[in-house]
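Geometric and topological summary
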Amino acid sequence: LPYGVLGTGEKLKSVEVKDLLDSAESIGIQTIDTAIAYGTSESVIGDYSNSRFKIITKLPPLPNGVNDVSGWVRQQIEGSLTRLQTKSIDALLLHRPQDLTGEFGVKLEKVIGELLSDGVVKQFGISIYSPDELVTIVGRFPINVVQTPFNVFDQRITPWLKTLNENS
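This one's a predicted model, so the numbers in the text were calculated from it and none came from an experiment.

Conventions and cut-offs
Residues numbered from 1 in each chain as written. Predicted model: local features only at pLDDT ≥ 70, side-chain atom pairs only at ≥ 80, totals over all residues. Heavy atoms only, no water. Helix = DSSP H or I, 4+ residues; strand = E, 2+ residues; numbered from the N terminus. Buried < 20%, exposed > 50% of the residue type's maximum accessible area, 1.4 Å probe, protein only. Contact = heavy atoms within 4.5 Å. Areas by Shrake-Rupley, 256 points an atom, 1.4 Å probe, with all protein chains shown as cover. Lys, Arg positive; Asp, Glu negative; His and termini not counted. Charge placed at Lys NZ, Arg CZ, Asp CG, Glu CD. Axes fitted to C-alpha atoms, helices over the stretch in contact; angles between N-to-C directions. Left-handed = near helix turned anticlockwise from the far one by under 90°. Nonpolar A, V, L, I, M, F, W, Y, C, P; charged D, E, K, R; others polar. Parallel < 35°, antiparallel > 145°, perpendicular 65-115°, else oblique. Salt bridge = Lys/Arg side-chain N within 4 Å of Asp/Glu carboxyl O.

This part is about the overall build of the chain. Counting secondary structure elements, the chain contains 5 helices and 5 strands. Per-residue burial over the chain gives 39% buried out of 168 residues. Counting contacts in the chain only where the partners sit at least 6 residues apart, residues at least 24 apart contribute 60% of the total. Working note: accessible area of the chain is about 9,600 Å², and carbon and sulfur atoms make up 53% of it. If you average the places of the 16 positive and of the 20 negative side-chain charges in the chain, the two averages end up 2 Å apart.

Written as structure tokens, this is what we have:
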């Protein structure tokens with residue numbers, strides 16, 4: 001997408017992506033986070049990562065009126081695998097964790113469990129903006145990765161760390 005490190009609304013050029021990934025590897029970065037909704041990021045990462053990195057990607061929110069949850073999820077994951085040029089995803093996160101507690105939560109949990117059992121997805125988790133989102137998820141669903149804001153100024157997740165560790 002036309003935003004990010006350049007701050008100018010421009011996309012990185014292919015050679016810049018290659019250089020960036022080479023530099024990341026050289027300083028010990030082992031994992032790359034992306035998402036289906038991040039424009040062409042999965043394709044660009046697939047073109048230049050050469051399986052050097054663990055990949056975390058995110059499933060977009062379930063669309064309104066989806067009838068075949070399993071088919072939709074599998075289609076999204078197959079697309080990611082193709083774009084990332086890989087056979088498995090190290091971690092799959094939900095962009096909207098509330099999908100687990102919504103109308104199709106049971107179906108969503110089932111298909112994700114199947115993807116985990118098949119080895120297509122190695123770990124499952126959620127991406128949150130606030131620890132409040134964990135209240136209805138933790139303890140009810142088998143998650144082992146939580147992506148959350150955490151820095152010197154924002155440590156709202158700290159009271160949850162023990163609970164998350166116990167439930168992973």
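Helix 2 (residues 41–49) packs onto helix 1 (residues 14–26) with a crossing angle of 65° between their chain directions and a minimal axis gap of 10 Å. The two elements helix 1 and helix 2 cross, and the hand of that crossing is right-handed. Across from Ser14, Val17, Lys18 and Leu21 in helix 1, the residues of helix 2 making contact are Val44, Tyr48 and Ser49. When the residues that make up the contact of helix 1 with helix 2 are grouped by side-chain class, the tally is 4 nonpolar, 2 polar and 1 charged.

The subject of this paragraph is the packing of helix 3 (residues 69–84) against helix 4 (residues 105–118). Contact geometry of helix 3 with helix 4 gives a least axis separation of 9 Å together with a crossing angle of 45°. In terms of orientation, helix 3 lies oblique with respect to helix 4. In terms of crossing hand, the pair formed by helix 3 and helix 4 is right-handed. The segment helix 3 lies against helix 4, with Val69, Ser70, Val73, Arg74 and Ile77 engaging Lys107, Leu108, Val111, Glu114, Leu115 and Asp118.

Right, let's get into the pattern of salt bridges. With the rule as written, the count across this model stands at 10 salt bridges. With a closest N to O distance of 2.6 Å, Lys58 and Asp33 form a salt bridge. Of this pair, Lys58 sits in strand 2 (residues 54–59) while Asp33 sits in strand 1 (residues 31–33), and the two are 25 residues apart along the sequence. A salt bridge links Asp99 to Arg96, with the shortest nitrogen-to-oxygen separation between them at 2.9 Å. Given the relative accessible area of 9%, Asp99 is considered buried. The exposure class of Arg96 is partly exposed, given its relative accessible area of 31%. Through salt bridges with shared partners, one network takes in Lys18, Asp22, Glu25 and Arg52.

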